[in-house]
Every structure is written in structure tokens, then in C-alpha cells.
Number of protein chains: 2
Amino acid sequence: MDKFRRNERMSAMMKILSDNPNKIFTLSYFCEMFGAAKSTMSEDIDILRDMVKSFGLGELETVTGAAGGVRYRSVISRKEALTYITELCEKLSGSARVLPGGFLYYSDILSDPEIVKKMGQIIAGEYYHTEPDFVLTMETKGIPVALMTANALGVPLVIARHSSKVYEGPAVNINYVSGTSKSIETMSLSRRAVKEGQKALIVDDFLKGGGTAQAMVDLMREFSVEVVGVAFTMATEEPVKKCVTGEKSLMTMHLDHETNVATIRPADWLKA
Amino acid sequence: MDKFRRNERMSAMMKILSDNPNKIFTLSYFCEMFGAAKSTMSEDIDILRDMVKSFGLGELETVTGAAGGVRYRSVISRKEALTYITELCEKLSGSARVLPGGFLYYSDILSDPEIVKKMGQIIAGEYYHTEPDFVLTMETKGIPVALMTANALGVPLVIARHSSKVYEGPAVNINYVSGTSKSIETMSLSRRAVKEGQKALIVDDFLKGGGTAQAMVDLMREFSVEVVGVAFTMATEEPVKKCVTGEKSLMTMHLDHETNVATIRPADWLKA
């Protein structure tokens, strides 16, 4: 007789898989944990896969082969993502959040765990197939969403700094022209942070000209790291032409400079 | 007849509760979702509570009263926390991570989603009873662990900056003497970020003299916010006397300046 009931096994398994997104667990791992036969566990997983799907709670996949097993991904359907981002856009639009100089205040949104978790899941969903080894961001405002993207992908986060710090050890520094301020800025990354030949997904909060994003791409080249994608929480409508190419943003901002009203819309690719 | 089986209801409920830590869900919410009777859902929750407990997967609590319902907290037992932190200490100890000037390189640890999630859960577990309204950190290295602590507590994260930024709007700035460099530093927080009368939990990466931590406490006083706790991932053994009081750190660092070997130990309170 099995030591645990199916409902206990399934809910424990759901919790463990969901806490470790994109990580492959072998069938044996769960057999041992629950003292159950492989056939029993296979059945549990089949039911769990259907449940996850029918409740829109992500994706449970069986991976075959030598390193095979079962893997959970917090994938959000395009429809649900669009609904979520549309609601967020409504919250951000208007004049209440427009600051002097035409800047949008949304630091509160960018450090709300629930919101950045969802944004991170949406971004991760677009890049699972590129199999990045880490997520790269530039301090400071993009860190929470980049961390949650890394979490969903099951990879580490790497944070580039504005200047080299004593506690980061030897670092590679590059200078670049910021698209926003047109001033010369420095970007620094610890030599220990990444390894040659790895793949990076760049995630940051805001895209205007793209100077910072392009600098991150250049920085990765210095480390012989391939950039598999560039994603932002928000991009400005102007300038239309950005320094960086192939980028994906969740939201697009248009600012009316006469009325100081911001119109934030979900990005077009979310509607496809 | 019920629309879903118990194992489906329980695993879906586990996923939803675990994705929204410290948030109270009413019984009616789940009754409606699953088209099940209250008595059925109560039974589901009872079994789930026992499962969560026996597998050491946190705590499921039934909250009575008008705003009652069921709530999940990712509480980690003291024993498991001590084991986890001890392993982390072993990873960090030695000479490989000691940089010139006696600094410890552990930025990789501080931005690993899996590790900061666990550290955040351990810290949150110590402060649930203080019911903070938000977690406060100072940029940059403490952001990931502070975000995960905020996530476990189900509250927002607020990030203080080194200087006021145009996109943060009107801000309160304070100057303080950094314990590490003995230089005058500035700390800035947007006026929109917090509200008078709220309660803050301060979470940061590293405690040496405590100058920055004390500045965060002072900053909260400017906002008429009560500080309910101060937590760090690591504290140095020297100086024994810190500027800040009542703080909790997960690890303690001793650095032998002659051999450049770092000895990192779990904090004493974890052994209690």
C-alpha cells in the first residue's frame, strides 16, 4: 500500500515543482520521497499536468531522455498576459504619475513582488526556448523584474553596476553615451560574474534611446557571451528608432508634452 | 457531484496559496472556483494543512473572524534554516572569495534567485508577527533578498537610493556617515514611496559599522514610519558594537587579516 494518498502526493509535488521552475526532477526523486511505484507517480503526474492546464496555472512537461523527468514552467497564456498588462497600463496612464520633465513615476510598480513576479513570468515565457544561462540587468530599477525573470527561468541574475566596487573584485568597465541624458556613463561588471561562452538574456525596466541596452550588449561581447534577447517592462514611443534591435517590451508609453498626460498601452506583440 | 476531484482541488489550491504567501483567501473564493460545498473545501484544507506540515513545506493557517479564510506562509523550521545557512557559510568560507582590502565577494550568492528566496523566507519567518506594511532596503546588493522577503510577507518593497532621481519625484534626502568608508553619504527616498503611520522592516545585505542601517532608521523617522525590525544576510564580527540595535543577521563573518581567510558562521539566534 502507498504511504501517502494521491491528493497528498499531488499537492506536495505541485508545491515542489512550482517552487523550482524550469528545473527537471526525475521520477525516481518523487518515488523515493513518497515511497511510491513509478507507475503510480506517472499517473499522478498525468493528472497534475491536466489540472495545471485546465486551471491556467502554467505548464507541466515530461522531458524524455537520459536527463529526463518532469518540469514545471510558470507559462502564462498570451490572452492572460494581455489582460494583466492592459490593467497595469490603465493604472499607469493619466497625469497623476507624470513628474516634472516628463518622467513617469512607477518605481512602486517595479518593486511590487506580485507585479514583478507576473511580469517576470511573461518575459520568461518568451525566452525559454533560447535557454539563457543567466539574466543580466543594470542597477537599479530593473533588478526586481530581472530577478523574477531569472527565477522563472531557473537561472542566476547578474547585475551590472554604474562603477566598479571594491567588493566585486576585478571588473570589466565600458563607457557609453546614455540615450536619456546624452552624458557619458560607465557600466561595470565583475570578471567573476559570468563565463565565456554563456548565453545572456538582458532584462531592464525602461527603454528610451537604447544607449544603456546597447552598452549591455557591448559588455557581453567583452565577456564573449551571446545575447539571446533584450526585454523591458516599458518602452517610449519616441524615438521610434532605438539603438538596440530585436527588443521586446511589455508596455509602450506615449507622453503628450502639452497636457502632461501619459498614455500607456500593451505592446503589439502581446496582441498577436 | 463535485466538478473536480479532491486531488485536483488540493493541488490547484496549494499552487494558488503558495503563489500568494501571507494572503488570506476566503473559503467562498475556493468554493466558487471549484464549484464545491463549504464542507468539502474545509475537508480539503484540513488534509492540505497536515500535508504541508508533514512534508515541511511551510504553514497553512485558518484565520477566523470577519476577514477570515485560509493563508499560506512559507515558514522554514529553525532546524532547516540552520542547516541551509550552515551549508551556505561553508561555501563562502576560505580564502578564494576574499578580495584585496579584506572584502568578501558574494554578489553571486546575493543575486541567485533560489538562495535569496530561501534567505527571504527565513527572514520573513522572524517578522510575520510584527506585521510590516513594507520592506525597506538601500540599493543595490540587498535588493534581491529584500524583494524575496517582501514576497514572503506579501508586502511591497521600497528601495532607498544614493541620490534623488528625476523619475522618483520629490524626495526626502538625508546625509549620514558610512561606517565602512567614514565618508559622508546621501540616502534618498521618494515622498510617494511610503505613508505616515506605516510599519517598515529593514532588510539589507551587509552590516559592518551599521551607519547605513541607522540612516535607514533615521529616514523612516522623517516619514513617521515605525521600524519593526532590521535584518541582514551577513554581519562582521568586528566592530562588536554596531550603530544599530536589535538587528538580526543570518551569518557572521570573521576575517583573519594575516592569512586573508574568511570564517563565516551561522548567527547564534539560528541555533536557539
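Shown above is the structure to which this text applies.
The sections below set out a description of the structure shown in this document. (Residues numbered from 1 in each chain as written. Chains lettered and ligands numbered in written order. Predicted model: local features only at pLDDT ≥ 70, side-chain atom pairs only at ≥ 80, totals over all residues. Heavy atoms only, no water.)

A short note on the overall build of chain A
Now for step 1: Looking only at helices and strands, one finds eight helices and 13 strands in chain A.
Now for step 2: The principal-axis extent of the C-alpha atoms belonging to chain A is close to 70 × 45 × 30 Å.
Now for step 3: When the 272 residues of chain A are sorted by exposure, 55% land in the buried category.
Now for step 4: Taking contacts inside chain A between residues at least 6 apart in sequence as the whole, the part at least 24 apart equals 62%.
Now for step 5: Taken together, the 32 basic and 34 acidic charged side chains of chain A have centroids lying 3 Å from each other. (Helix = DSSP H or I, 4+ residues; strand = E, 2+ residues; numbered from the N terminus. Buried < 20%, exposed > 50% of the residue type's maximum accessible area, 1.4 Å probe, protein only. Contact = heavy atoms within 4.5 Å. Lys, Arg positive; Asp, Glu negative; His and termini not counted. Charge placed at Lys NZ, Arg CZ, Asp CG, Glu CD.)

As for the pattern of salt bridges
Now for step 1: As enumerated under the stated definition, the model contains 36 salt bridges over all chains in all.
Now for step 2: Between Glu139 of chain B and Arg161 of chain B there is a salt bridge whose closest N-O contact spans 3.2 Å. Residue Glu139 of chain B is found in the loop between β5 (134-138) and α7 (143-153), and its partner Arg161 of chain B is found in the loop between β6 (157-160) and β7 (171-177); the two are separated by 22 residues along the sequence. Both residues of the pair, Glu139 of chain B and Arg161 of chain B, count as buried.
Now for step 3: Between Asp268 of chain B and Lys271 of chain B there is a salt bridge whose closest N-O contact spans 3.6 Å.
Now for step 4: It is possible to trace a salt-bridge network through shared partners that takes in Arg6, Arg9, Glu43 and Asp44 of chain A. (Salt bridge = Lys/Arg side-chain N within 4 Å of Asp/Glu carboxyl O.)

A short note on the pairing of strand β10 (residues 226-236) of chain B
Residue and element names in this part refer to chain B.
Now for step 1: Most of β10 is tucked away: nine of the 11 residues are buried.
Now for step 2: In this view, the connection linking strand β9 (residues 199-207) to its parallel neighbour β10 by way of helix α8 (residues 211-222) has right-handed handedness.
Now for step 3: The sheet contact formed by β10 and strand β11 (residues 248-256) spans five bridges and is parallel. Of the residues in β11, the one forming a bridge with Ala231 is Lys248. (Right-handed = clockwise from strand over helix to strand, strands pointing away. Pairing = 2+ DSSP bridges.)

Digging into the packing of helix α3 (residues 38-54) of chain A against helix α1 (residues 6-19) of chain B
When two helices pack together, their arrangement is given by the angle between their axes and by how far apart the axes lie.
Now for step 1: Orientation of α3 of chain A relative to α1 of chain B, taken along the N-to-C sense of each, is 60°, at an axis distance of 10 Å. Classed by the angle they form, the pair α3 of chain A and α1 of chain B counts as oblique. Remark: the crossing between α3 of chain A and α1 of chain B carries right-handed chirality. In this structure, α3 of chain A contributes Ile47, Leu48 and Met51 of chain A to the contact, and α1 of chain B contributes Asn7, Glu8, Ser11 and Ala12 of chain B.
Now for step 2: Residue composition of the contact of α3 of chain A with α1 of chain B, by class: four nonpolar, two polar and one charged. (Axes fitted to C-alpha atoms, helices over the stretch in contact; angles between N-to-C directions. Parallel < 35°, antiparallel > 145°, perpendicular 65-115°, else oblique. Left-handed = near helix turned anticlockwise from the far one by under 90°. Nonpolar A, V, L, I, M, F, W, Y, C, P; charged D, E, K, R; others polar.)

A closer look at the sheet that holds β11 of chain B
All names here are of chain B.
Now for step 1: Sheet architecture is open: six strands sit in the order β6-β5-β9-β10-β11-β12, paired in mixed fashion. Edge strands, defined here as strands with exactly one partner in the open sheet, are β6 and β12 (261-266). Strand-to-strand twist in this sheet, taken as the mean axis angle between neighbours without regard to direction, amounts to 25°.
Now for step 2: Sheet analysis places β11 next to β12, joined by six bridges and oriented antiparallel. Within β12, the residue paired with Leu255 across the bridge is Ala262.

Re the pairing of β6 of chain B
Residue and element names in this part refer to chain B.
Now for step 1: Alternating residues of β6 divide into Leu157 and Ile159 and Val158 and Ala160, and every residue in both groups is buried.
Now for step 2: Pairing of β5 with β6 involves four bridges; the strand directions are parallel. When the bridges of β6 are listed, Val135 appears paired with Leu157.
Now for step 3: On the question of chirality, the crossover connecting β5 to the parallel β6 by way of α7 is right-handed.

Observations regarding the interface of chain A and chain B
Now for step 1: Taken residue by residue, the interface counts 57 residues in chain A and 57 residues in chain B.
Now for step 2: Taken over both partners, the interface formed by chain A and chain B buries close to 4,700 Å², and the fraction arising from carbon and sulfur atoms is 65%.
Now for step 3: Scanning the region where chain A abuts chain B turns up zero salt bridges.
Now for step 4: Applying the counting criterion to the chain A and chain B interface returns 16 residue pairs in polar contact (both at pLDDT 80 or more). (Buried area = accessible area lost by both parts, 1.4 Å probe. Polar contact = N/O pair within 3.5 Å; in protein donor to acceptor, adjacent residues only side chain to side chain.)

Some points on the nonpolar core
Now for step 1: If you look at the biggest cluster of nonpolar residues, it comprises 90 residues, and the most contacted ones within it are Met251 of chain A together with Met251 of chain B.
Now for step 2: Formed by 44 residues, the second largest nonpolar core is a distinct cluster that contains Met10, Ile16 and Met51 of chain A together with Ile16 of chain B. (Core = buried A, V, L, I, M, F, W, Y, C linked by side-chain atoms within 4.5 Å.)

Quick notes on the relation of the copies chain A and chain B
Now for step 1: For the pair chain A and chain B, the relating rotation is 180°, the translation along its axis is 0.0 Å, and the fit reaches an RMSD of 0.0 Å. What we have between these two chains is a two-fold relation.
Now for step 2: When you check the interface residues of chain A against chain B, 100% turn up at the interface there too, and the contact is symmetric in its surfaces. (Least-squares fit on C-alpha atoms with pLDDT ≥ 70 in both.)

Digging into empty space enclosed by the protein
Now for step 1: Taken as a whole and judged by the stated rule, the model has four cavities of 30 Å³ or more.
Now for step 2: There is about 330 Å³ of room inside the largest cavity.
Now for step 3: What lines the largest cavity is a set of 22 residues, among which Asp19 and Asn151 of chain A together with Asp19, Lys117 and Asn151 of chain B lie closest to the centre.
Now for step 4: Contributing elements (two or more residues each) for the lining of the largest cavity: α1 (6-19), α6 (113-127) and α7 (143-153) of chain A together with α1, α6 (113-127) and α7 of chain B.
Now for step 5: Counted by class, the lining of the largest cavity contains eight nonpolar, eight polar and six charged residues. (1 Å grid on protein atoms, 1.4 Å probe; cavity = no way out; pocket = protein on both sides within 12 Å on 5 of 7 lines; lining within 4 Å. Points joined across faces, edges and corners; volume = space filled by probe spheres on them.)

So, α7 of chain A
Now for step 1: Burial of α7 of chain A is extensive: 11 of the 11 residues sit out of reach of the surface.
Now for step 2: Gly154 of chain A occupies a position one or two residues after α7 of chain A and carries a positive phi of about 70°.

Description of the packing of α6 of chain B against α7 of chain B
Residue and element names in this part refer to chain B.
Now for step 1: With their axes 7 Å apart at the nearest point, α6 and α7 run at an angle of 55° to one another. As judged from the angle between their axes, α6 and α7 are oblique. You can see that α6 and α7 cross each other, and the crossing is right-handed. The segment α6 lies against α7, with Pro113, Val116, Lys117, Met119, Gly120, Gln121, Ile123, Ala124 and Tyr127 engaging Pro144, Val145, Met148, Thr149, Ala152 and Leu153.
Now for step 2: Within the contact of α6 with α7, the residues separate by chemical class into 11 nonpolar, three polar and one charged.

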